[in-house]
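Residue-level structural notes
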Amino acid sequence: MGSILGTMGCSSSVADRKSENVIRAAILIQKWYRFTMARLEMRRRYSLSIFQSIEYADEQDQLQLSNFFTFMLDHCTHPEADSQIFTSPSAPQVVDEDFSLKEFEKKIAVPDSYYGPRLSFPLTVEDANALLHAFRNEQLLHARYVLQLLSETRRVLKEMPNITHLSTSYSKEITVCGDLHGNLDDLLLIFYKNGLPSEQNPYVFNGDFVDRGKNSMEILIILFAFLLIYPNDLHLNRGNHEDYIMNLRYGFTKEVSKKYKDHWKQILSLLRDVFSWLPLATIIDSKVLILHGGISDTTDLDFLNALERNKLKSLMRPPKSGTNRQDQVKKKTPVTKPSKHTASQHVAGKTQHISSSGFTEPSGSNLPPDPALKEWKQILDILWSDPRSQNGCTPNKCRGGGCYFGPDVTAKLFERYNLKMLIRSHEFKPEGYEISHDGKVITIFSASNYYEEGSNRGAYIKLNPELTPRFVQYQVSKLTRRQNLRERVGTIESSALKSLREKIYAHRSELISAFAQYDTNGTGRISVNDWAAAMESVLQLELPWRMLRSQLAQMNPDGEVDFMSCFYDLKMGQPIKEAQPALAETLCRYRKDLEIIFNIIDKDHSGLISLEEFSQTWRLFTSHLGIDIQDDSIDKLVLSIDYNKDGHIDFNEFLEAFHVVHRLEKKATS
């Protein structure tokens, strides 16, 4: 009996030990899993921070150069062409408002070889379905129908108020969508999940339909078609990218010119007008305010509702009203890097105060407020601003335009207009939406995979009659379904670091000078803290540089950073011997801006400009930015790339020579 009990006791202790080992193993696996997931989430977050910081820095550059783009547009295009009604497919610059649908038919023939949708007006749901089917199959809508559609859209938009008022009493729910940015797949997925627009299924699309993505034109055509079919049930707000100068930089202009080679000028001209007629905001049940960007401490909805919205074709061009104040207005240039320690700055010997919109305003002036400038600022604020958790209203130093508005600014506006909720877009969110200001402000972003495949979800809002928001998330998945989480994060991280390295290389000279200030002994090595401080002082991206160090620079056994290793794996695309290092770096840094400028000069869209035009433009550009590059160096460079010696250069080919190549990638692909 005793031996039996002993055996049982032994078995029990063995089972206990096994159980303890299983529990320990489970705890270890759980710890490892949590650690792995935390590291992946950290990598994902800093990758998204890199993308967003570079995006905002790019917008700052756009605002910084807005005056120069304005100058180029004023002096390199012919204003007299704006008043002409076109008489042939190649001549028109602007489509006259009195141009009828029948006249389009007379002027632009649709060949029998065209197999896309053939529209007849007024449009029907069948026409909209035909467009959806065609775009799913990557077909283009013929230019005649595009121009007819845009002309009809302008006619309808002109009848709409600046602020649209809706009611949920006529429907069960209203759907609100945010930025789409040319991602057609997201719009098609929204319609698949949520149904097409109709009297029973109303939508509000909150701006930024275009730029960045490759199908901006198709998105506009679909939205405008449904607007014409259901003008009381599909509503469009203007975003900061519904702006022809923004479109020059962010891809929409190029998209239209490539897709509609014969009629792109008429289409873009008509779109410039259509964009200016888009409503500025929507209010649901007098309680929910929907606008693209945000608000400021001076936002006045009554004033916004009364102004002539179509006067402002671009917010990149501040108004010049009155000869007495023209010089003052010209001096209002964007503040790209405002100091964190002061609210004023000195320009040309005069003190200028930074407004909440981030633009400088001359102080001490006895001039009365300019109505045109007030209108511009009011619209700028609602299209460019972002919410922040801190109280107050301060310049939006990241974007360079609009403001940061705090919970107190939101509360003040809500009290004044008896509002309950603000729905805005304008800002990338990893989950497609974000709630802030104690639930009073909602950001909705509808472009999934915005920075990279798998980088984020998109979302839309369903608002019921109780005005309770319900969020629907989604993600267009092509590659992500075949990738595990580690692979998806790796793809996002790799793309983000690639973009960051290119920005680092474009500021090579400045960074080397900043590193040298800390390297007093000339060793080529500095501390991690000094390296991080130098990186931020030059790039001003507000990134976690210490965390990113291992991805960007090498460290020696003593714990010091070899700062030149930041540039080891990067080089210029096609080195041109005639390009001095400083000149090559400048061309690399401002490649996007120069492309915009050259496209403005290139009136016939041939891709060619004369050597004289190139040199004159370059001198104007460097003078505007205060860049000290010797004139003869650019002259020698331009002459060297005029390969056939005909006095013209292919500027796209020229600029391609100054993009950054990642050497490791090149080896891997060769």
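Numbering of residues begins from 1 in every chain and follows the order in which that chain's sequence is written. Residues qualify for local features only when their pLDDT is at least 70, as the model is predicted, and side-chain atom pairs are given and counted only at 80 or more; totals for whole chains, interfaces and linings, by contrast, use all residues. Computation of side-chain values covers all heavy atoms of the structure but excludes hydrogens and water.

- Per an unreviewed UniProt entry, the protein chain goes by the name Serine/threonine-protein phosphatase with EF-hands and belongs to Zonotrichia albicollis.
- UniProt positions are given in the numbering used here, feature names are shortened, and annotations may be inferred rather than shown by experiment. Per its UniProt entry, the protein chain bears the Sequence similarities (unreviewed entry) comment "Belongs to the PPP phosphatase family."

1. Regarding the nonpolar core
- Residues belong to a common nonpolar core when they are buried Ala, Val, Leu, Ile, Met, Phe, Trp, Tyr or Cys residues joined through side-chain atoms within 4.5 Å. Under the scheme applied here, a residue whose accessible area is under 20% of the maximum for its type counts as buried, over 50% as exposed, and between as partly exposed, the area being computed with a 1.4 Å probe on protein chains only. Of all hydrophobic cores here, the largest spans 62 residues; its most connected members are Leu-141 and Phe-205.
- Element by element, the count of residues in this core is highest for helix α7 (residues 216-229), at 12 residues.
- Apart from the residues lying within four places of it in its own chain, the contact partners of Leu-141 are Tyr-114, Pro-117, Leu-119, Leu-131, Phe-135, Val-146, Ile-221 and Tyr-260.
- Membership of the second largest hydrophobic core comes to 61 residues, among which are Ile-283, Ile-295, Leu-380 and Ile-609. Numbered from the N terminus, helices here are DSSP runs of H or I no shorter than four residues, and strands are runs of E no shorter than two. Two residues qualify as a contact provided that any one of their heavy atoms is within 4.5 Å of a heavy atom in the partner residue.

2. Points about the pattern of salt bridges
- One speaks of a salt bridge when a side-chain nitrogen belonging to Lys or Arg is within 4 Å of a carboxyl oxygen belonging to Asp or Glu. Taken as a whole, this structure holds 26 salt bridges when the rule is applied.
- Measuring nitrogen to oxygen at the nearest pair gives 2.8 Å for the salt bridge that ties Arg-45 to Glu-41. Here Glu-41 and Arg-45 lie together in helix α1 (residues 2-64), a separation of four residues that amounts to about one turn.
- Taking the shortest distance from any N to any O, the salt bridge between Arg-154 and Asp-273 comes out at 2.8 Å. Of the two residues, Arg-154 is situated in helix α5 (residues 143-157) and Asp-273 in helix α10 (residues 264-277); the sequence distance between them amounts to 119 residues. For the residue pair Arg-154 and Asp-273, the accessibility class agrees, reading buried in each case.
- In this structure, a network of salt bridges that share partners links the residues Glu-55, Glu-59, Arg-212, Asp-386, Arg-388, Arg-399, Arg-424, Glu-427, Lys-429 and Glu-434.

3. Focus: helix α18 (residues 545-552)
- For α18, the set of buried residues is Trp-545, Leu-548, Arg-549 and Leu-552. For α18, the angular spread of the buried residues around the axis is 135°, confining them to a single face. Exposed and facing more than 90 degrees away from the buried side of α18 are Arg-546 and Ser-550. Each C-beta atom gives one direction from the helix axis, and the arc is the one those directions make.

4. Remarks on the sheet that holds strand β5 (residues 281-284)
- Here, strands pair whenever DSSP counts at least two bridges between them. Judged by pairing direction, the sheet is mixed, and its six strands sit side by side in the order β1-β5-β6-β13-β15-β14 without closing on themselves. The sheet is open, and its two borders are formed by β1 (163-166) and β14 (433-436), each paired with just one other strand. Neighbour-to-neighbour, the strand axes of this sheet turn through a mean angle of 20°, independent of strand direction.
- Bridge analysis of β5 against strand β6 (residues 288-290) gives three bridges, and the strand direction is antiparallel. The partner of Thr-282 across the bridge, within β6, is Ile-290. Inter-axis angles, ranging from 0 to 180 degrees, are taken between N-to-C directions of lines fitted to C-alpha atoms, where helices are fitted over the stretch in contact.

5. Observations regarding the packing of helix α16 (residues 508-518) against helix α17 (residues 528-539)
- The interhelical angle for the contact between α16 and α17, taken along N-to-C directions, is 145°, at an axis separation of 9 Å. Taken as a pair, α16 and α17 cross one another with a handedness that is right-handed. Together, Glu-510, Leu-511, Ala-514, Phe-515 and Tyr-518 of α16 and Asp-530, Trp-531, Ala-533, Ala-534, Met-535, Ser-537 and Val-538 of α17 make up the contact between the two elements. Left-handed describes a crossing in which the near helix is turned anticlockwise from the far one by less than a right angle; the clockwise case is right-handed.

6. Remarks on the environment of Ser-615
- Looking at the element boundaries, Ser-615 is found in helix α21 (residues 611-625).
- For the pair Ser-615 and Asp-632, spaced 17 residues apart in sequence, the C-alpha separation works out to 9.8 Å.

7. Description of the pairing of strand β17 (residues 469-474)
- Where strand β16 (residues 458-463) and β17 come together, six bridges link them in antiparallel fashion. Bridge pairing in β17 places Gly-458 opposite Tyr-474.

8. A few points about the packing of aromatic side chains
- Note on aromatic pairs: the rings of Phe, Tyr and Trp (six-membered ring only in Trp) are paired at centre separations within 6.5 Å, and the planes decide the class, stacked below 30 degrees, edge-to-face beyond 60, tilted for the rest. Counted by the stated rule, this structure contains 16 aromatic pairs.
- Measuring from centroid to centroid gives 6.4 Å for Phe-191 and Phe-205, while their planes differ by 90°, and the two rings are edge-to-face. Pair noted here: Phe-191 is in helix α6 (residues 184-194) and Phe-205 is in strand β3 (residues 203-205), with a separation of 14 residues, a long-range link.
- Residue Phe-205 is classed as buried on the basis of its relative accessible area of 0%.
- Among the aromatic residues, ring-to-ring pairing joins Phe-51, Phe-428, Phe-445, Tyr-450 and Tyr-451 into one connected group.
- Arg-508 extends its terminal NZ or CZ atom over the ring of Phe-567, reaching a point 5.1 Å from the ring centre. By the criterion adopted, a ring carries a charge over it if an Arg CZ or a Lys NZ lies within 6 Å of its centre and within 35 degrees of its normal.

9. Remarks on the sheet that holds strand β18 (residues 525-526)
- The strand order across the open sheet formed by three strands is β18-β20-β19, and the pairing between neighbours is antiparallel. Strands with a single pairing partner mark the edges of an open sheet, and in this sheet they are β18 and β19 (554-555).
- Where β18 meets strand β20 (residues 561-562), two bridges bridge the pair, whose relative direction is antiparallel. Looking at the pairing, Arg-525 lines up with Asp-562 of β20.

10. Overview of the packing of helix α20 (residues 591-601) against α21
- The interhelical angle for the contact between α20 and α21, taken along N-to-C directions, is 130°, at an axis separation of 11 Å. Comparing their axes, α21 and α20 come out oblique. Two packed elements cross with a definite hand, and for α20 against α21 that hand is right-handed. Contacts between α20 and α21 involve Asp-593, Leu-594, Ile-597, Phe-598 and Ile-601 from the first element and Glu-613, Phe-614, Thr-617, Trp-618 and Phe-621 from the second.
- Note that Gly is not counted as nonpolar here; it falls among the polar residues with everything else outside the nonpolar set of Ala, Val, Leu, Ile, Met, Phe, Trp, Tyr, Cys and Pro and the charged set of Asp, Glu, Lys and Arg. Tallied by class, residues from the contact of α20 with α21 come to seven nonpolar, one polar and two charged. Working rule for angles: under 35 degrees goes down as roughly parallel, over 145 as roughly antiparallel, 65 to 115 as roughly perpendicular, anything else as oblique.

11. What to know about the side chain of Thr-168
- Following the sequence through the fold, Thr-168 ends up in the loop between β1 and β2 (174-177).
- Note on Thr-168: relative accessible area 3%, which makes it buried.
- Side-chain atoms alone can form a polar contact between residues adjacent in sequence; in general such a contact is a pair of N or O atoms within 3.5 Å, and within protein one must be able to donate a hydrogen while the other accepts it. Among the polar contacts listed, one links the side chain of Thr-168 to the side chain of Asp-285, at a separation of 2.5 Å.
- What Thr-168 contacts, discounting residues up to four positions off in sequence, is Ile-174, Ile-284, Asp-285, Leu-463, Asn-464, Pro-465 and Leu-467.

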